[in-house]
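Residue strings, one per chain:
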Amino acid sequence: MNKNYDISIIISLFNEAESLPELYQWIRKSLDGKYNYELIFVDDGSTDGSWEIVRGFPSDGPAVHGIRFRRNYGKSAALYEGFKAATGNVVVTMDADLQDSPEEIPAMYDKVTGEGWDIVSGWKQHRQDNKLTKNLPSKLYNATARKVTGINLHDMNCGLKAYRNEVVKSIEVYGDMHRYIPFLAKNAGYNRITEVPVHHQKRKYGKSKFGLDRFVHGILDLLTLWFMGKFGKKPMHFFGGTGILSFLIGGILALWLIIRKLVYQANGYAFRAVTDQPLFYLALVMVILGVLLFCTGFICEMVSRTSGSRNDYSIKEEF
């Protein structure tokens, strides 16, 4: 197998039989004669004949590598397998629905190779989707993602991206984390991330495979990634610190109630028994919660220290 490709293009697909022939020709029109490239089609369990179309692409064109799942696992799984197979100096991801334009690839390639960016993300400035169900949720989602990740991308979830090969070999994409590959890369030490405006086409065939629920799931995944990136290797810093704070607040409240009751009793003032006051039970709950959080942190720390990835670090260079 040729290991000297300029570009590896990873195309994840699920029931896109109608668009694949047109996409293949569009890519060839945009890149043939300019780059030495390979196409990696990852069929995520299609049932409409997409795999047969991929297998039928001519052998006299660009190198075509196909990967077929037994069932639908999701886009993250498709990208994970595609990243493993990619051998090009620059790895480009795009969707198979004809909404991403292959004509954008040369400019993105030049920014990676010529300007030294680790990731170049597409930015669909003018989306051709339904404004209510796609555009507005996307704006809210991206605003939240920028705030949490600290990465100033307008379109974190754009499928059209270009990466240095080293980046995709250094990260693990799983679950639904394909939305946050720039954040995964940042956590691995690849901080040179930029974006370029790209044209977004209307879907020509079929219908979108994603619904509104992906935005809810996206926010939850974002919080998971933030937590894992910040506390994944030191969970006691979060659970232990929060537990100690809760324990101290509850203990101080309970102590204050007891001291106040004794002072009132000593001076002959009317007083209520400590156990008759709702604040005492709130303090008790905080003390118990603090102990539980601390124990959770201790258990997580034990799991982390026995994990096979506890000493996985991103090394930039050595001699």
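Residues numbered from 1 in each chain as written. Predicted model: local features only at pLDDT ≥ 70, side-chain atom pairs only at ≥ 80, totals over all residues. Heavy atoms only, no water.

Trainee: Tell me what's going on with the sheet that holds strand S5 (residues 119-124), and back it up with residues and numbers.
Mentor: Spatial ordering of the open sheet is given by S3-S2-S1-S4-S6-S5-S7, a layout of seven strands whose pairing is mixed. The two strands at the open ends of the sheet, each matched to only one other strand, are strand S3 (63-68) and strand S7 (193-198). The mean inter-strand angle of the sheet, taken between neighbouring strand axes irrespective of direction, is 20°. Taken together, the six bridges between S5 and S7 define a ladder with parallel strand orientation. (Pairing = 2+ DSSP bridges. Helix = DSSP H or I, 4+ residues; strand = E, 2+ residues; numbered from the N terminus. Axes fitted to C-alpha atoms, helices over the stretch in contact; angles between N-to-C directions.)

Trainee: How would you explain helix H1 (residues 20-31) if you had to name every residue and give the values?
Mentor: Along its twelve residues, H1 runs 16 Å from first to last C-alpha, staying within 8% of the 16 Å computed at 1.5 Å per residue. Tucked inside the fold, the buried residues of H1 contact strand S1 (7-13), strand S2 (37-43), helix H2 (50-55), S3, strand S4 (90-95) and helix H4 (105-115). Of the residues trailing H1, Gly 33 is marked for its positive phi of about 85°. (Expected span 1.5 Å × (residues − 1). Contact = heavy atoms within 4.5 Å.)

Trainee: Please provide a residue-by-residue account of the pairing of S5, values included.
Mentor: Moving residue by residue along a regular strand, the side chains alternate between the two faces of the sheet. Burial analysis of S5 places five of its six residues in the buried class, which makes it a mostly covered element. Where S5 meets strand S6 (residues 161-164), three bridges bridge the pair, whose relative direction is antiparallel. If you follow Ile 119 over to S6, its bridge partner there is Tyr 163. (Buried < 20%, exposed > 50% of the residue type's maximum accessible area, 1.4 Å probe, protein only.)

Trainee: Explain empty space enclosed by the protein to me, and be specific about the residues and the numbers.
Mentor: What the rule picks out here adds up to two cavities of 30 Å³ or more. Computed from the structure, the largest cavity encloses a volume of approximately 80 Å³. If you trace the largest cavity, you find it lined by Lys 75, Leu 79, Thr 93, Asn 157, Cys 158, Gly 159, Lys 161, Tyr 163, His 178, Arg 179 and Ile 181. Those elements that place two or more of their residues in the lining of the largest cavity are helix H3 (75-85) and S6. (1 Å grid on protein atoms, 1.4 Å probe; cavity = no way out; pocket = protein on both sides within 12 Å on 5 of 7 lines; lining within 4 Å. Points joined across faces, edges and corners; volume = space filled by probe spheres on them.)

Trainee: If you had to explain a nonpolar patch on the surface to someone new, which residues and values would you point to?
Mentor: Taken together, the side chains of Ile 244, Phe 247, Leu 248, Ile 252, Val 291 and Phe 294 present a nonpolar region at the surface, about 540 Å² in accessible area. Looking at the nonpolar patch, the elements that each hand over two or more residues are helix H9 (235-266) and helix H10 (278-306). In terms of residue count, H9 provides more of the nonpolar patch than any other element does, four residues in total. Along the chain, Ile 244 falls in helix H9. (Patch = residues over 30% accessible without salt bridge, like charges linked within 9 Å, V, L, I, M, F, W, Y side chains within 5 Å. Areas by Shrake-Rupley, 256 points an atom, 1.4 Å probe, with all protein chains shown as cover. Salt bridge = Lys/Arg side-chain N within 4 Å of Asp/Glu carboxyl O.)

Trainee: Give a description of the side chain of Ser 50 that names residues and reports values.
Mentor: Note on placement: Ser 50 falls in helix H2. Under the relative-accessibility criterion, Ser 50 is labelled buried at 1%. Those residues within four positions of Ser 50 in sequence are excluded, and the remaining contacts are Leu 13, Asn 15, Glu 16, Ala 17, Leu 20 and Asp 43.

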